[in-house]
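Given next are the chains, with one letter for each unit.
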Amino acid sequence: MDVQLALPFVSLVGASPLTPPEACAEVKRPRRATRQALPPPLASSGQETPPQAGPDDEARRLDVHDYLVRNDAATFFFQVRGDAMAAAEIFDGDILVVDKGLQPQHGHLVLAYVNGERLVRRLHHRGRKTALQTDNPEDAELVPEDGSELVIWGVVTGKFRRFQT
């Protein structure tokens, strides 16, 4: 189900985008691992040796799902295509954690559906205008005109990336 979030000073044309987030190939739903393995231990910056996995250090374990996902029902993962947000350290292939239950605010990174295109941009309000920007000052901001379709699919709350090894 697509949730259309109300934004101040934005005219939303149409009830929803043609394709809701859940139907896109780049969108994945979070799920818990089915195995009962313990999460890896968390090392501290002052630690002199690597952490050892043991059953007695439960307080020093980090569950990545719990860390990145605040609301299972409203969260989805989105794989980025392109480097428009490289200045925000979001690169092609990164997986974004997107919460469609949060109210987007000025300055939030959002996943937006604009005139048939999915974009990751920073939301800006200026007076009665709403703009979507990259963090690169050389890029032009996108200011939806009257009659444009703008739907904020959700607020980006985190990201993760697999390094090449």
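Calculation criteria
Residues numbered from 1 in each chain as written. Predicted model: local features only at pLDDT ≥ 70, side-chain atom pairs only at ≥ 80, totals over all residues. Heavy atoms only, no water. Helix = DSSP H or I, 4+ residues; strand = E, 2+ residues; numbered from the N terminus. Buried < 20%, exposed > 50% of the residue type's maximum accessible area, 1.4 Å probe, protein only. Contact = heavy atoms within 4.5 Å. Areas by Shrake-Rupley, 256 points an atom, 1.4 Å probe, with all protein chains shown as cover. Salt bridge = Lys/Arg side-chain N within 4 Å of Asp/Glu carboxyl O. Core = buried A, V, L, I, M, F, W, Y, C linked by side-chain atoms within 4.5 Å.

1. Describing the overall build of the protein chain
Working step 1: Along the backbone of the protein chain there are one helix and seven strands.
Working step 2: Start at the N end of the protein chain and walk to the C end: the helices and strands fall as β-α-β-β-β-β-β-β.
Working step 3: Split into buried and exposed, the 165 residues of the protein chain put 35% on the buried side.
Working step 4: Taking the contacts inside the protein chain whose residues are at least 6 apart along the sequence as the reference set, 58% of them involve residues at least 24 apart.
Working step 5: When the accessible surface of the protein chain is summed, it comes to about 10,400 Å², and 51% of that surface belongs to carbon and sulfur atoms.

2. Remarks on the pattern of salt bridges
Working step 1: In total, this model carries four salt bridges according to the counting rule given.
Working step 2: In this structure, Asp-94 engages Arg-161 in a salt bridge whose closest nitrogen and oxygen atoms are separated by 2.7 Å. Of this pair, Asp-94 sits in the loop between β2 (75–79) and β3 (95–99) while Arg-161 is found in the segment after β7 (150–160), placing the two residues 67 residues apart along the sequence.
Working step 3: Take Asp-94: its relative accessible area is 1%, and that puts it in the buried class.
Working step 4: We classify Arg-161 as partly exposed; its relative accessible area is 34%.
Working step 5: Through salt bridges with shared partners, a single network forms among Asp-94, Lys-159 and Arg-161.

3. A look at the nonpolar core
Working step 1: Within the largest apolar cluster, 14 residues are counted, with the highest numbers of intra-cluster contacts made by Ile-90, Leu-96, Val-98, Leu-111 and Val-120.
Working step 2: Elements with a minimum of two residues in this core: β2, β3, β4 (109–114) and β7.
Working step 3: Excluding residues within four positions of it along the chain, Ile-90 makes contact with Val-80, Met-85, Leu-96, Leu-109, Val-120 and Lys-159.
Working step 4: Among the nonpolar cores identified, the runner-up in size contains nine residues, and Val-114, Leu-123, Leu-132 and Ile-152 belong to it.

4. Focus on the environment of Gln-105
Working step 1: With respect to the element layout, Gln-105 can be found in the loop between β3 and β4.
Working step 2: For Gln-105 and Leu-123, which are 18 residues apart along the polypeptide, the C-alpha to C-alpha distance reads 7.1 Å.

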